[in-house]
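Understanding the architecture of this molecule
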Amino acid sequence: MSGYDVIESERVPIKAWTRGVPIEDAALQQLKNVAALPFIHKHVAVMPDVHWGKGATVGSVIPTVGAIIPAAVGVDIGCGMMAVRTSVRAEHLPDDLSGIRSAIEAAVPHGRTDNGGRNDKGAWQSEPPTSAATRWEALKAGYGAVVDKHPKAAHPRGFGHLGTLGTGNHFVELCLDEAGDLWVMLHSGSRGVGNRFGSYFIERAKHEARRWFLNLPDQDLAYFPEGSEGFIDYVRAVSWAQKYARANREVMMEQVLGVLKVFWPDLETTQEAVNCHHNYVSKEKHFGKDVFLTRKGAVSAKDGELGIIPGSMGAKSFIVRGKGNADSFCTCSHGAGRAMSRTEAKRRFTVEDHIRATEGVECRKDAEVIDETPMAYKDIDAVIAAQSDLIEVVHTLRQVVCVKG
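Residue indices follow the written sequence of each chain, beginning from 1 at its first position. Residues qualify for local features only when their pLDDT is at least 70, as the model is predicted, and side-chain atom pairs are given and counted only at 80 or more; totals for whole chains, interfaces and linings, by contrast, use all residues. With hydrogens and water excluded, all non-hydrogen atoms of the structure serve as input to the side-chain values.

Some words on the state of the cysteines
Under the convention used in this document: A pair of cysteine sulfur atoms is labelled a disulfide when the two atoms are within 2.5 Å. Residue exposure (1.4 Å probe, protein chains only): buried if accessible area is under 20% of the type maximum, exposed if over 50%, otherwise partly exposed.
The tally for this structure, following the rule as stated, stands at zero disulfides. Free of any disulfide, cysteine 79 has its nearest neighbouring cysteine sulfur in cysteine 276, separated by 10 Å. The exposure class assigned to cysteine 79 is buried, which follows from its relative accessible area of 3%. Cysteine cysteine 363 is unpaired, with the sulfur of cysteine 402 as its nearest cysteine sulfur at 5.8 Å.

So this is what it looks like as structure tokens:
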């Protein structure tokens, strides 16, 4: 018996690992819109954290032949997770974790102010750390190759955002696993520069769709045909942004570990580290064909491959190992998935609700993070249970410190 349900659509089927987890009507329509496109290979796979997104749902896997849809990749290109296990134990932690949280907040720029302008606290205000400068040197030429041809895709903070967190659902957390070992876990992507690249090429694809009078179920599903100038330029841009996103997480991790070494000078890290994208496109072979596989809010889960499925601020998270399930295109979910919009969460919940939901976690407990409160997300246990044939749980983590922008 398979772990998925089949949703019929007019062209290819949709295989959904959503038993015990609801799918909103708007997301279901988006899935059918994608499945109706003429270049989808075999089927669309749906993860249990699925919810409405721009053009395509978050939590979907879209295999394409001969085309790429920029909006399916999204604007947070290369967004993903990184986690490292340390030698610090639960019994080593102080009763009051606020000092550690403050030190992490000082070491990693986060949030967004001044409309992202000169005084934006979410960018490096002084010289970025050496680890950021070194990585930017390796990235600089690739960035230039994109923006020299597409000046409107340029962003002034490419270097200034490298090693910074951002806002929304991005976070830095300290977590304890079932054995009492302390992990550092963080979530971020390609920051302002990736957002600019994504937004620019989404609009370019829409322009091309209008130019060629393409009949699309949703204008956000505009695509670049393989071999076209737009396709070649987009692949170059998205590949660069994915490298930037990975480097961004690496710099942040070094900053956080540097903070922890002030508190625990003999701190060591284990080999069990994970750095995985969950908003990206890659060239892979599935069902006998080379495809461009877009994972929008989804994680690669090849056989034996480690991944990260985080819960919300007050819920548990998981280090998982993939089972290489072919029907899911070797993929699993990227988190719990939103149960409601940010606006709805702010309307429905109070600061007092949020304080109760994050009891025992050293984190922000103010009105500005209500949209990230645990109740705004699906039940992470139900999400994990729905994909038992995609992954096995290796470690269960519970948050003790959470830094958000």
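On we go from here.
Looking at the side chain of serine 328
Selection criterion: Going along the chain from the N terminus, every DSSP run of H or I of four or more residues is numbered as a helix, and every run of E of two or more is numbered as a strand. Pairs of residues are marked as contacts when any of their non-hydrogen atoms sit within 4.5 Å.
Relative to the helices and strands, serine 328 resides in the loop between β15 (316-322) and β16 (331-333). Once residues lying within four places of it in the same chain are set aside, the contact partners of serine 328 are Trp17, Ala45, Met47, Val61 and Leu390.

Considerations on the sheet that holds strand β1 (residues 5-7)
Spelled out, the test is: By definition, two strands form a pair when at least two bridges between them are found by DSSP. Angles shown run from 0 to 180 degrees and are taken between the N-to-C directions of axes, each axis being a line fitted to C-alpha atoms and, for helices, limited to the stretch in contact.
Strands sit in the order β1-β2-β3-β4-β12-β11 across an open sheet of six strands; the sheet is mixed. Each edge of the open sheet carries a strand with a single partner, namely β1 and β11 (279-286). Neighbour to neighbour, the strand axes of the sheet diverge by 25° on average, direction disregarded. In terms of strand pairing, strand β3 (residues 44-51) meets strand β4 (residues 58-64) through three bridges, oriented antiparallel. Across the sheet, the residue bridging to histidine 51 is valine 58, located in β4. Packed on one face of the sheet, helix α1 (residues 25-35) meets β1, β2 (14-16), β3 and β4 and runs near 160° to β3.

So, the side chain of asparagine 325
Residue position: asparagine 325 is located in the loop between β15 and β16. If near-sequence neighbours (up to four positions away) are discounted, asparagine 325 is found in contact with Trp17, Cys330, Asp389 and Leu390.

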